[in-house]
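# Reading the structure
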Amino acid sequence: MATVDNRSVLRNLEGDECPWTEDCSGELERGEYKDTDALVCPNCDTPIVRVW
Ligand SMILES: [Zn+2]
């Protein structure tokens, strides 16, 4: 199993355009979702990446 540095994944995706829907052009932000680190889109309130 490959080892992934999840925190660097979050950094790499931070500021990317929301991939969730084509209608949303929000930029992903670091945040928390259910007490875990996550990237969320402030425009559509969707957690894109969660790290356990
Ligand atoms: Zn969005």
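Everything that follows concerns the structure shown earlier in this document.
Heads up: these notes are all about the structure in this document.

Quick notes on the rules
Residues numbered from 1 in each chain as written. Predicted model: local features only at pLDDT ≥ 70, side-chain atom pairs only at ≥ 80, totals over all residues. Helix = DSSP H or I, 4+ residues; strand = E, 2+ residues; numbered from the N terminus. Buried ≥ 20, exposed ≤ 12 C-beta atoms within 10 Å, placed from the backbone. Contact = placed C-beta atoms within 7 Å. Pairing = 2+ DSSP bridges.

On to the overall build of the protein chain. Within the protein chain, the secondary structure is distributed over one helix and three strands. Helices (α) and strands (β) of the protein chain occur, in sequence order from the N terminus, as α-β-β-β. With respect to the principal axes defined by its C-alpha atoms, the protein chain has extents near 35 × 20 × 15 Å. Taking all 52 residues of the protein chain together, the buried fraction comes to 10%. Sequence separation of at least 24 residues holds for 22% of the intrachain contacts in the protein chain that already meet a minimum separation of 6.

Here strand β1 (residues 29-33) pairs with strand β2 (residues 36-41) via five bridges, running antiparallel. Residue R30 lies in a different strand from β2, and its bridge partner there is L39. Counted between consecutive antiparallel strands, the loop separating β1 from β2 contains two residues, among which K34 sits at a positive phi close to 50 degrees. When β2 meets strand β3 (residues 46-50), the two strands line up antiparallel, connected through four bridges.

In this model, D35 sits at a positive phi of 70 degrees, which is unusual for a non-glycine residue. Its location among the elements puts D35 in the loop between β1 and β2. With 6 C-beta atoms packed within 10 Å, D35 lands in the exposed category. Despite not being glycine, D45 shows a phi value in the positive range, around 55 degrees.

All right, on to the environment of E22 then. If you trace the backbone, E22 turns up in the loop between α1 (6-13) and β1. Placed 28 residues apart in sequence, E22 and R50 show a C-alpha to C-alpha distance of 21 Å.

If you trace the backbone, V40 turns up in strand β2. As for V40 and L13, which are separated by 27 residues in sequence, their C-alpha atoms are 10 Å apart. The contacts of V40, once residues within four sequence positions are left out, are E29, G31, Y33, D45, T46, P47 and I48.

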